[in-house]
Every structure is written in C-alpha cells, then in structure tokens.
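# Structure at a glance
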Amino acid sequence: MTVYFIGAGPGDPELITVKGQRLIRTCPVILYAGSLVPPAVLEGHSAERVVNTAELNLDEIVALLAQAHAEGKDVARVHSGDPSLYGAIGEQIRHLRDLGIAYEIIPGVTATSACAAILGCELTLPDISQTLILTRYASRTRMPEGESLAELAQHRATLAIHLGVGQLANIVAELLPYYGADCPIAVIHRASWPDQDQVTGTLGDILPKAEAKGFRRTALILVGRVLGAEGFADSSLYSAEHAHLYRP
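What you see is a predicted model; the values in this text were computed from it and never measured.

Parameters and conventions
Residues numbered from 1 in each chain as written. Predicted model: local features only at pLDDT ≥ 70, side-chain atom pairs only at ≥ 80, totals over all residues. Heavy atoms only, no water. Patch = residues over 30% accessible without salt bridge, like charges linked within 9 Å, V, L, I, M, F, W, Y side chains within 5 Å. Areas by Shrake-Rupley, 256 points an atom, 1.4 Å probe, with all protein chains shown as cover. Salt bridge = Lys/Arg side-chain N within 4 Å of Asp/Glu carboxyl O. Buried < 20%, exposed > 50% of the residue type's maximum accessible area, 1.4 Å probe, protein only. 1 Å grid on protein atoms, 1.4 Å probe; cavity = no way out; pocket = protein on both sides within 12 Å on 5 of 7 lines; lining within 4 Å. Points joined across faces, edges and corners; volume = space filled by probe spheres on them. Helix = DSSP H or I, 4+ residues; strand = E, 2+ residues; numbered from the N terminus. Nonpolar A, V, L, I, M, F, W, Y, C, P; charged D, E, K, R; others polar. Domains from an automatic or database assignment. Pairing = 2+ DSSP bridges. Core = buried A, V, L, I, M, F, W, Y, C linked by side-chain atoms within 4.5 Å. Contact = heavy atoms within 4.5 Å.

## As for a nonpolar patch on the surface
Together, Leu-85, Tyr-86, Leu-132, Leu-134 and Leu-163 make up an exposed nonpolar region whose accessible area comes to about 410 Å². For Leu-163, a relative accessible area of 54% gives the class exposed.

In structure tokens:
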C-alpha cells in the first residue's frame, strides 16, 4: 500500500489536481485535515473509512496509517494547499520511513497562488521584483537563525507571510524600515472559500483597515511593490526583438 499526501488546494474544491482528485475517489482510506480542508473536496469518494484528523495527535495519526498498512489499503492523506509548505508532513514521513511504509506526495495549489489570483496580479515583475519569499511569523515555532522577518525584509522581495495575521502590527513594524510606508500590502482571508474576504492598503494604513475586518486566523499576508504595480518593463519572453528556440 501507499500513503498519498495530497494537496487539496486552498479551499475551492475545483482547485485540486486531477491526480489528487482521482486518489481521493479511489483510496479505501481517507485521513483529512478537517480544520482546513472543506468536505466538498471529498465528494465522490468510495472510501470505507474517512477520518477527520483535526482532533488527533501525531501518534494517533501514525497508528491509523500503520493500521491501513497492515490491511494493505492505500491512504489518501489530504492536507490543505500544497502539503510541502507548512503541511506538517515531515514528521509523518519520518515515522513512515521507520515503519517501512511507502508514501508519495501529490502537489497542490498554494494559498499564495490563490491569493495572487484573487488580487489579479503577478508576483514577479521585471524591474520590480523577481523573487518571492514564502515565510511565516515566529510564534510557537521559532525561526531558524538568519530567517527573522527583519532579515528577510532586507531583500525587499515580494513576501508571502503565513500564520501571521494575529501579529500584523508587529509585522508592519518590522517591515516599515525596509519597504517604506507606501509599500502595498494585502491581507486575504480564507482565499478561494465561499466566505473569502480581503483588505488592501499600504504598510502605513493597513492596520485600521485590517482591524475593521476582524481577521484573526486563516489569512495570508502579501507584501511588495508588485501589488498594483503599473510602471514595469515588458518581459523579454514575448518581445519581438527576443529570439529563442521556438521563435528564431
């Protein structure tokens, strides 16, 4: 059997890969992170066992995976977004390796991608930013040396900050010296869910706007000059003066 770590996408049940959807519909066992994965993602399944793991600890989850292994039944282990980003699959994989259980990771649409789509923007623009940093704000999980927000901000790249909306005031304070008060920022709540919401502004005025929305969790913060940028150069990709393999 195989444990398939499936990225269910940011929330919209149509934002899942064909492969991920096929496995959900065919695996006899489904373990899904119910706090972030909507039940609609599981529609059409034929599993004999479906478990919401939101209330389970790591040992309990591993025990279910080991049980499925003993029974020779494939498992669809469904996570939100892309499981390789803040999916907490690393510790599960470590146990699976110790137990000799095969696994495979099925990528998913990230919350960052969904937020860019909602804002109708590109996160990498010529002359503006060619680098995107996905990070989180330090809380219970400490940041490794060299990865504090202030240190990352020195690059002035586009930032996608996970798990930080509750610390928005601290985030703004750390970014202001590097990005400036006029730098655009967006806070997107439950991207691609039916109740998605957002607020945009600048580092100088976002705090009262976000406070009025009352976002407390399940929100992603995007910061950078690419948001709403107009004065950037065209890329060379479609330039008539640029020759390449397919356009001599």
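## Some words on the layout of surface pockets
Considering only enclosed or pocket space, the largest pocket measures out at about 1300 Å³ in volume. Surrounding the largest pocket, 43 residues form its lining, Ser-35, Leu-36, Ser-80, Tyr-86 and Leu-163 being those nearest its centre. Going through the elements one at a time, helix 2 (58-71), strand 4 (75-79), helix 3 (90-99), helix 4 (111-119) and strand 10 (219-223) are the ones with two or more residues in the lining of the largest pocket. When grouped by side-chain class, the residues that make up the lining of the largest pocket number 19 nonpolar, 16 polar and 8 charged. Two domains each donate at least three residues to the lining of the largest pocket, and these are domain 1 (3-106) and domain 2 (111-227).

## Examining the pairing of strand 1 (residues 2-7)
Taking burial as the measure, the 6 residues of strand 1 include 6 buried ones, the bulk of the element. The alternating pattern of strand 1 places Thr-2, Tyr-4 and Ile-6 on one face and Val-3, Phe-5 and Gly-7 on the opposite face, and all of these are buried. With 5 bridges joining them, strand 1 and strand 5 (residues 102-106) adopt parallel strand pairing. Across the sheet, residue Thr-2 finds its bridge partner in strand 5, namely Ala-102. By the bridge criterion, 5 bridges tie strand 1 to strand 4 in an arrangement that is parallel. Directly across from Gly-7, in strand 4, lies its bridge partner His-79.

## Regarding the nonpolar core
Counting residues in each nonpolar core, the largest one holds 25 residues, and the members touching the most others are Leu-175, Val-187 and Val-223. The dominant element in this core, judged by the number of residues it contributes, is helix 6 (residues 168-179), at 5 residues. In this structure, Val-223 is in contact with Ala-157, Thr-158, Leu-159, Ile-161, Leu-175, Tyr-179, Cys-183, Pro-184, Ile-185 and Leu-203, ignoring residues within four places of it in sequence. The next biggest cluster of nonpolar side chains, apart from the first, holds 17 residues, and it includes Leu-23, Ile-30, Ala-47 and Ile-106.

## Examining helix 4
Looking only at helix 4, the buried set comprises Thr-112, Ala-114, Cys-115 and Ala-116. Turning to helix 4, the residues buried within the fold contact strand 6 (132-136), strand 7 (158-162), strand 8 (184-189) and strand 10. Just beyond helix 4, the residue with positive phi is Gly-120, at close to 65 degrees.

Such coordinate-based values are descriptive only and should not be taken to indicate function.
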